[in-house]
Each structure stands twice: as structure tokens, then as C-alpha cells.
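Chains, contacts and geometry: an overview
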Amino acid sequence: MAINQACFSRSMFCYIYFPTLYGVYSQEDDGLPQFLEQVPNITVTVGRDALLSCTVEKLKNFKVAWVQVDTQTILTIHKQVITRNPRISLLHDDHRSWHLQLKNVQESDRGWYMCQVNTDPMRSRQGFVDVVVPPDIIDKETSGDQTVREGQDVTLTCRAKGHPEPTIVWRREDNAEIVLENDNRALQVEGDTLVLKKVNRLQMGSYLCIASNGIPPSISKRANLKVQFPPVAWVPQQLEGAYIGQELTIECHTEAYPKSINYWTNTKGDMIVADSRYTPIVAEQSYMVYMKLRIHSVQKDDFGHFRCIAKNSLGETDGSIKIYGRNMLEMETRPFKNITRAFRSDK
């Protein structure tokens, strides 16, 4: 029986070199060592431990070695661990079981492993270790928050790594539909690039890039899209009638981004501040502002035009509401007049 030997000067040991034959050797009951089973192919998540089993019968005075095929690295010979990799160890039992243990598996451990016996010719079995890696988003190659003017195009990009290669989908964080070209809409869009054409304020919001490859956990990154536009205003009721002493609330809605400065002016064009006579009320939702002005007791000088004004760095707008005087008696009797008309129409 011929055994090739080679000594490596980097250590005090003389390592035995086992020739690597990659074919499957047909075993017969010839009194030589025999493998009882194949070395299994295993899949392990990075960071976990892996165990490759090798069971040999009739070993006698022959020796078993483990070799990492891709790098042609001898890992163990008989009961001795040859590699200096501290994560590799050998578990053996009753001269039959020779198990290679890989602790805290890394991507570099992916590949073929051979359990071989130094017969002549050599006998061996191989198993593949597939190291799977959960997805991870590559921040340097992935879009962050963006601010654009209304009407511009936007491209959001997301890159991820992992094994198997991750797939990427885009969703809106609020679960609203994504508005695509030609007004097509979708709850999610596949692919590492999301293109939004001629964006408008309705497309403002947070977009999630979600990477997954079947190995938990999936991972996501948020990109906030801000769409800038000058203020716009509209008034639900542009004409209001009131009598002297009546409490009246007028209303105005505005939209703007960046956030606008909002205020009311009275019939003289003066800015209104909160006092015993007026109470401005403002409610904000995203880029929308709901303005109300409560007039606690309408006076004669309140008859005329009140304006709601919104300003930001891109422009200014206003809305006008006219308050006119009404006779208190007219307002009290109007319901009765309507009822009288109703009875007449039934006849």
C-alpha cells in the first residue's frame, strides 16, 4: 500500500497527503474498509453549527481523513485535527463513526467535503454543505429619503445580498396602491428599481423595499418621498349669512409642501389673532391643513370678506368667505315658511 507523504515547514507535524479522487468507487466485500452510507448533503444557516457524518466499517489499520475539496485543504487525519481553523472539530466513536463538525458556519465553508480512507486506490464519499444567508440590504446602493418638485420623475433603487439571491418587492408603508406610469396601480411592485413618473402630492409617503429569499428574517428599508408644491386653497362655503350676536364658524382647506404658514384676515385685511372675539382653529394631516375661524359674537363690522391665507417657500394662496347680515326674525321664521310651502305642495 503506497501512501504519499509531504512535510510542511510551517508546523512541527508531518502531514499525510491523501490523493483526491472524485469518482464514486465501487465497493465490494474484499476485506477492505467500506462506507456504510453516503456523506449527506446538508443546508445550514450562517452562524449555526453543521455536522457531516461518515461511517466506515472494517477500518482496521487504515486511516480516515476529511478534506475540503474546493480548497484542497486537509482538515483531519484519523483522530487529529490538522487545520488551524478553530471552528472545525472531529467527533469519532468506536472506530466506525468519523463526524466533521463545523461550528458557527460561515459563507466560506460552503462547498464539497470528502471523507476518504487511505486504501490503494483511495476510497471516498462526498457531501455538499450549502450555507444559506438571510437577506441584507446594501445601504450604499439603496435609495434614501428623496424630496422632489411635483411633476418630476423619481427612481428608487434597492440592492440586497444573501444566499439564495434575494428577491425585492416595493410596497407603500400605509398599504395604499403605488401609482405607476399611465395611471396603472399596484399594491406591490417586484424588482430592485421603482420608477414613478411625474409624481404628484398623492404619491407622497413612505415606500418600503422588502428583501426576502426564503431564509428568515426578511428585511426592509424605508424611503420617504416628499413632493413639493405651492399652496392651494378651497372654501367649502363661500357665502355665509349671520345676524348680530350670532356665533358663526367659517372654514377653509389648504394643501402645501413644504409646510405652509396659515392665518386669517378680517374685513379690514388685518391678521386675526386669538382673543375674546375670534378663535382660529387649525388641524393638520400630512400636507393638508383644515382652518376654521370661530366668531363668538358676530358684529356689524364682521360683514364683508374674511380671507384664509397660506404661504410657503414656493408661493402663496388665499380663499375668501363673505359674511352678510341677516334679519334675526327672518332666520327664525324661515323654517315655518318652508313647512307651509311643503304642505301646499302636497295638495
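Report follows, based on the coordinates. Since we're looking at a predicted model, the values are computed, not measured. (Residues numbered from 1 in each chain as written. Predicted model: local features only at pLDDT ≥ 70, side-chain atom pairs only at ≥ 80, totals over all residues. Heavy atoms only, no water.)

**Observations regarding the pairing of strand S4 (residues 42-45)**
Side chains of S4 alternate between two faces, with Ile42 and Val44 buried and Thr43 and Thr45 left unburied. Relative to strand S13 (residues 123-137), S4 runs parallel, the two being bridged by four bridges. Across the sheet, the residue bridging to isoleucine 42 is valine 129, located in S13. (Buried < 20%, exposed > 50% of the residue type's maximum accessible area, 1.4 Å probe, protein only. Helix = DSSP H or I, 4+ residues; strand = E, 2+ residues; numbered from the N terminus. Pairing = 2+ DSSP bridges.)

**A short note on the sheet that holds strand S26 (residues 261-265)**
Across the sheet, four strands lie side by side as S24-S30-S29-S26; this open sheet has mixed pairing. One side of each edge strand has no neighbouring strand; the edge strands of this open sheet are strand S24 (239-242) and S26. In this sheet, neighbouring strand axes are inclined to one another by 20° on average, regardless of whether the strands run parallel or antiparallel. Examined bridge by bridge, S24 and strand S30 (residues 315-325) share four bridges and lie parallel to one another. Bridge pairing in S30 places alanine 242 opposite glycine 325. (Axes fitted to C-alpha atoms, helices over the stretch in contact; angles between N-to-C directions.)

**Regarding the environment of tyrosine 324**
Among the structural elements, tyrosine 324 can be located in strand S30. We classify tyrosine 324 as partly exposed; its relative accessible area is 32%. When the C-alpha atoms of tyrosine 324 and glutamate 240 are compared, they prove to be 6.4 Å apart, with 84 residues separating the residues in sequence. If we ignore the near neighbours within four places in the chain, the residues touching tyrosine 324 are Leu239, Glu240, Gly241, Ala242 and Phe303. (Contact = heavy atoms within 4.5 Å.)

**Some remarks on the state of the cysteines**
Tallied over the entire structure, the rule returns three disulfides. Note that cysteine 54 is cross-linked by a disulfide to cysteine 115, the S-S spacing being 2.0 Å. Given an S-S torsion of about -75°, the disulfide between cysteine 54 and cysteine 115 has left-handed geometry. In this pair, cysteine 54 is assigned in the loop between strand S5 (50-52) and strand S6 (56-57) and cysteine 115 in strand S12 (residues 111-117), connecting sequence segments 61 residues apart. Per residue, the accessibility class of cysteine 54 equals that of cysteine 115, and both read buried. (Disulfide = S-S within 2.5 Å.)

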